[in-house]
Amino acid sequence: MEFFKIKKDIPFMKNALVFNAVSFVTFALAVFFLFSKGLHLSVEFTGGTLMEVSYSQPADLNKVRATVGTLGFSEVQVQNFGTARDVMIRLPAQKGVSSAQQSEKVLSALKADNAEVTLRRTEFVGPQVGDELAHDGLKALAFVVIGIVLYLAIRFEWKFAVSAIIANLHDVIIILGFFAFFQWEFSLAVLAAVLAVLGYSVNESVVIFDRIRENFRRFRKMSTVEVIDNAITSTISRTIITHGCTQIMVLSMLLFGGETLHYFAMALTIGICFGIYSSVFVAAAIAMWLGIQREDLIKPLKKDNDPSDENAGAVV
């Protein structure tokens, strides 16, 4: 299906150096903010108090969030848990205040607003648990990266694998840079979004790489630059349709999903935008500079009287 038919190839690789310079500057700024400001980690990573309360009627999360916010807690997470009547509240740790004191203070405020609210459970998430989650998250990210490299190296060629993983890590670092610069809360949901962006971005790279390999077979007189430009141009319609539909869904979560899905959808929005950019202007350009050529993807056919063929001239 093509809604946007482009007859003449767009010379993307002609301006590859400019686009990659922009990518490098953006990447460098993201790294700078990560080291200078750091990530604003959520309760799952830093530790805090976890409360679960129950209402007789479906709970108004915005009202619960406003009530807890008046107590002086910053970055409080409020979300439904199980049913619309059950609410989970995550409170950040406070110096000199125990977990029991925090839960009693919050429960008293909620009961003042609605006497029917009941406390289902409360527990303390220690910093050791947060460290374990952080390490497990880094391990998950590392396993995803290794899996992508192996998959692309086996399916295509090592030059494509290197260029794709550089482009994908470029997307991840930029997402983290945004969260560090604006000090948005980095939670487990955001980590899940980052891992999802890795898979989503590599899918776009695979589509372009597959078309490059196909073009090497079809257009034997084209240079490598012309093959890459044709591959990107011929997949633009698919890119616009696919990413446009995905972005509409993610934007709906961002605008109407509430506080719980806000940063998750924000990470996906940034990742999708930069994922398109990196697949076209980063991955393909790096593959070109690494010297990808027809012989890397297509083995030359032996001639009938090739002296290297041991069976040449044999009579059957």
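Being a predicted model, the structure only gives us computed values, none of them experimental. (Residues numbered from 1 in each chain as written. Predicted model: local features only at pLDDT ≥ 70, side-chain atom pairs only at ≥ 80, totals over all residues. Heavy atoms only, no water.)

### Let's talk about the overall build of the chain
Consideration 1: A count of helices and strands for the chain gives 11 helices and 6 strands.
Consideration 2: Expected size for 316 residues packed as a compact globule is a radius of gyration near 20 Å; at 26 Å, the chain overshoots this value by more than 25%.
Consideration 3: Along the first, second and third principal axes, the C-alpha atoms of the chain reach 95 × 45 × 40 Å.
Consideration 4: In the chain, the share of contacts with a sequence separation of at least 24, taken over all contacts with a separation of at least 6, comes to 78%.
Consideration 5: For the chain, the exposed surface amounts to about 17,200 Å²; the carbon and sulfur share of it is 63%.
Consideration 6: A distance of 6 Å separates the average location of the 28 positive side-chain charges in the chain from that of its 29 negative side-chain charges. (Helix = DSSP H or I, 4+ residues; strand = E, 2+ residues; numbered from the N terminus. Rg over C-alpha atoms; globule rule 2.2 N^0.38 Å. Contact = heavy atoms within 4.5 Å. Areas by Shrake-Rupley, 256 points an atom, 1.4 Å probe, with all protein chains shown as cover. Lys, Arg positive; Asp, Glu negative; His and termini not counted. Charge placed at Lys NZ, Arg CZ, Asp CG, Glu CD.)

### Considerations on the sheet that holds strand S5 (residues 118–125)
Hydrogen bonds along the backbone pair up the strands of a sheet, which may run parallel or antiparallel.
Consideration 1: Strand order in this open sheet of 4 strands is S3-S4-S2-S5, and the pairing throughout is antiparallel. Only two strands of the sheet have a single neighbouring strand rather than two, namely strand S3 (77–81) and S5. On average, each strand axis in the sheet is inclined to that of its neighbour by 20°, with strand direction left out of account. (Pairing = 2+ DSSP bridges. Axes fitted to C-alpha atoms, helices over the stretch in contact; angles between N-to-C directions.)

### Here's the deal with the packing of helix H1 (residues 16–36) against helix H10 (residues 258–289)
Consideration 1: Orientation of H1 relative to H10, taken along the N-to-C sense of each, is 120°, at an axis distance of 10 Å. With respect to H10, the axis of H1 lies oblique. Considering how the two elements wind past one another, H1 and H10 form a crossing that is left-handed. Together, Ala16, Leu17, Phe19, Asn20, Val22, Ser23 and Thr26 of H1 and Phe274, Tyr277, Phe281, Val282, Ala285, Met288 and Trp289 of H10 make up the contact between the two elements.
Consideration 2: Tallied by class, residues from the contact of H1 with H10 come to 11 nonpolar, 3 polar and no charged. (Parallel < 35°, antiparallel > 145°, perpendicular 65-115°, else oblique. Left-handed = near helix turned anticlockwise from the far one by under 90°. Nonpolar A, V, L, I, M, F, W, Y, C, P; charged D, E, K, R; others polar.)

### Some points on the confidence of the model for the chain
Consideration 1: When pLDDT is averaged across the chain, the result is 83; 91% of the residues are at 70 or more.
Consideration 2: Contacts of residues 306–316 to residues separated by more than four positions or lying in other chains number 2 contacts, the stretch itself having pLDDT below 50. (pLDDT = per-residue confidence, 0-100.)

### Remarks on the nonpolar core
Consideration 1: The biggest cluster of nonpolar side chains holds 58 residues, and the ones touching the most others in it are Met13, Leu152, Phe160, Ile212 and Ile232.
Consideration 2: When residues of this core are traced back to their parent elements, those giving at least two are helix H5 (127–155), helix H6 (158–182), helix H7 (188–218), helix H8 (224–234), helix H9 (236–256) and H10.
Consideration 3: If one sorts the elements of this core by residue count, H10 sits on top with 15 residues.
Consideration 4: Other than its neighbours up to four places away in sequence, Ile232 contacts Phe12, Met13, Ile208, Val280 and Ala284.
Consideration 5: Among the nonpolar cores identified, the runner-up in size contains 17 residues, and Met51, Tyr55, Leu61 and Val87 belong to it. (Core = buried A, V, L, I, M, F, W, Y, C linked by side-chain atoms within 4.5 Å. Buried < 20%, exposed > 50% of the residue type's maximum accessible area, 1.4 Å probe, protein only.)

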